[in-house]
Amino acid sequence: MAAAVTVTALKRTLAALILGAGLAACATGHSQSGTRFEIHAASLAESPDWQKANLLDDPGTTVYVAPEVLLDNSDVALADARKDLGGQVLIVIQMTPAGAIRMGMASRVLLRQRMAVMINGEVMTAPVVSAPLSGNRFAITGFKSLEEAQEIARGIAPRK
C-alpha cells in the first residue's frame, strides 16, 4: 500500500513540476515559439548595462539595447510573412489585445527615441518612434528572402 501511495505522490509531484515549468515558460513567450521575438528600448549612445549590437538593416551602425523586454512572443497573436506592393519582404505582426496596449504604452514612453526589434537576440531594426503607436499591427522589414521571413514568422507567434 505504501508503494502505491509513493508512486501516486511521485506522479502528482512530477505533473506539478511539468505544469509549473510550462506555465512559467508560457509567461515569457519563449517555450511555444521557435523564434525569440523581443522589443526593447535602444539608443545610438552607449549606456551602462545596455547591450551593444549591430543593426541588421543598417550594417555598420551600432546600437545599444536596454536589458528590459518591453514586448515578446507572448504579446503576438499572429505573424505573417509577405511581400508588399513594391516587392519588399516583411513580416506583419498582429498583437494580442494586451500586447497592443503594451505596444501603445511603450511607444508613448519611447517617443522620439529608438525601439529595437530583436529576432533571436539580433537587432533587426531600431527605428525612432515618431508618434505613439495605436492599433494592433506593425511590420518588420530587413529580411533576405521571403522564405527566411516565412520561417521566422512561423516561429514568432505562440502556438496554441
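In this convention, every chain numbers its residues from 1, walking through the sequence in written order. Local features in a predicted model are, by the rule used here, given only for residues with pLDDT of at least 70; side-chain atom pairs are given and counted only at 80 or more, and totals for whole chains, interfaces and linings are based on all residues. Hydrogen atoms and water are omitted, and side-chain values are computed over all heavy atoms in the structure.

Asker: Explain the pairing of strand β9 (residues 137-141) to me, using residue names and the numbers behind them.
Answerer: Residues Phe-138 and Ile-140 line the buried face of β9, whereas the alternating positions Arg-137, Ala-139 and Thr-141 sit on a face that is not buried. In this analysis, strands are considered paired if DSSP registers two or more bridges between them. The secondary structure listing takes helices from DSSP runs of H or I that are at least 4 residues long and strands from runs of E that are at least 2 residues long, numbered from the N terminus. In terms of strand pairing, strand β6 (residues 89-95) meets β9 through 5 bridges, oriented antiparallel. Bridge pairing links Gln-94 to Arg-137 in β9. When accessible area is computed with a 1.4 Å probe and restricted to protein chains, residues below 20% of their type maximum are described as buried, those above 50% as exposed, and intermediate ones as partly exposed.

Asker: Tell me about the pattern of salt bridges, residues and numbers included.
Answerer: It is possible for side chains bearing opposite charge to pair when their charged atoms get close. A pairing counts as a salt bridge when a side-chain nitrogen of Lys or Arg comes within 4 Å of a carboxyl oxygen of Asp or Glu. Summed over all chains, the structure comprises 3 salt bridges. Its salt-bridge partner being Glu-38, residue Arg-36 comes within 3.7 Å of it at the nearest N-O pair.

Asker: Lay out the side chain of Thr-96 with the relevant residues and their values.
Answerer: With respect to the secondary-structure elements, Thr-96 resides in the loop between β6 and α2 (97-109). We classify Thr-96 as buried; its relative accessible area is 18%. One polar contact links the side chain of Thr-96 to the main-chain amide nitrogen of Gly-99, over a distance of 2.9 Å. Contact definition: two residues touch when any of their heavy atoms are within 4.5 Å. Apart from residues no more than four positions distant in its own chain, Thr-96 is found in contact with Ser-74, Asp-75, Val-76 and Ala-77. Polar contacts here mean pairs of N or O atoms no more than 3.5 Å apart (in protein, one a potential hydrogen donor and the other a potential acceptor; neighbouring residues in sequence count only if both atoms are side-chain atoms).

Asker: So what's going on with the nonpolar core? Residues and values would help.
Answerer: The tendency in soluble globular proteins is for nonpolar side chains to be buried side by side. Note on terminology: a nonpolar core comprises buried Ala, Val, Leu, Ile, Met, Phe, Trp, Tyr and Cys residues joined through side-chain atoms within 4.5 Å. With 29 residues, the main nonpolar core has Phe-37, Ile-91, Ile-93 and Ile-156 as its most contacted residues. For this core, the secondary structure elements donating two or more residues are β1 (37-43), β5 (76-83), β6, α2, β7 (114-119), β9 and α3 (146-156). Of all hydrophobic cores here, the second largest spans 9 residues; its members include Ala-53, Leu-55, Val-65 and Met-118.

Asker: Tell me what's going on with the environment of His-40, and back it up with residues and numbers.
Answerer: By the secondary structure assignment, His-40 is in strand β1. Taking relative accessible area as the criterion, His-40 reaches 5% and is therefore assigned buried. Taking the C-alpha atoms as reference, His-40 lies 9.0 Å from Ala-106; in sequence the two are 66 residues apart. Beyond its immediate sequence surroundings of up to four residues, His-40 is in contact with Val-65, Ala-66, Pro-67, Glu-68, Val-69, Leu-70, Arg-114, Met-115, Ala-116 and Met-118. Side-chain polar atoms of His-40 contact the backbone oxygen of Ala-66, separated by 2.8 Å. At 3.0 Å, the side chain of His-40 and the backbone oxygen of Glu-68 are in polar contact.

Asker: Give a detailed account of the sheet that holds β6, specifying residues and quantitative values.
Answerer: Think of a sheet as strands paired side by side through backbone hydrogen bonds, with each pair either parallel or antiparallel. If you walk across this open sheet you meet the 3 strands as β5-β6-β9, and the pairing is antiparallel. The sheet is open, and its two edges are formed by β5 and β9, each paired on a single side. Taking each pair of neighbouring strands and ignoring which way they run, the sheet shows an average axis angle of 25 degrees. Sitting on the sheet, α3 is in contact with β5 and β6, with an inclination near 175 degrees to β5. Each axis is a line fitted through C-alpha atoms, taken for helices only over the stretch in contact, and angles between the N-to-C directions span 0 to 180 degrees.

Asker: Residue-level account of the environment of Ala-81, with values.
Answerer: Counting through the fold element by element, Ala-81 comes out in strand β5. Apart from the residues lying within four places of it in its own chain, the contact partners of Ala-81 are Leu-90, Ile-91, Leu-146, Ala-149, Gln-150 and Ala-153.

Asker: Account for unusual backbone geometry, with residues named and values stated.
Answerer: Here the phi dihedral of Asp-49 falls at roughly 70 degrees; this positive angle occurs in a residue that is not glycine. Note that Asp-49 resides in the loop between β1 and β2 (51-54). A positive phi angle, close to 65 degrees, is found at Arg-112, a residue other than glycine. With respect to the helices and strands, Arg-112 occurs in the loop between α2 and β7.

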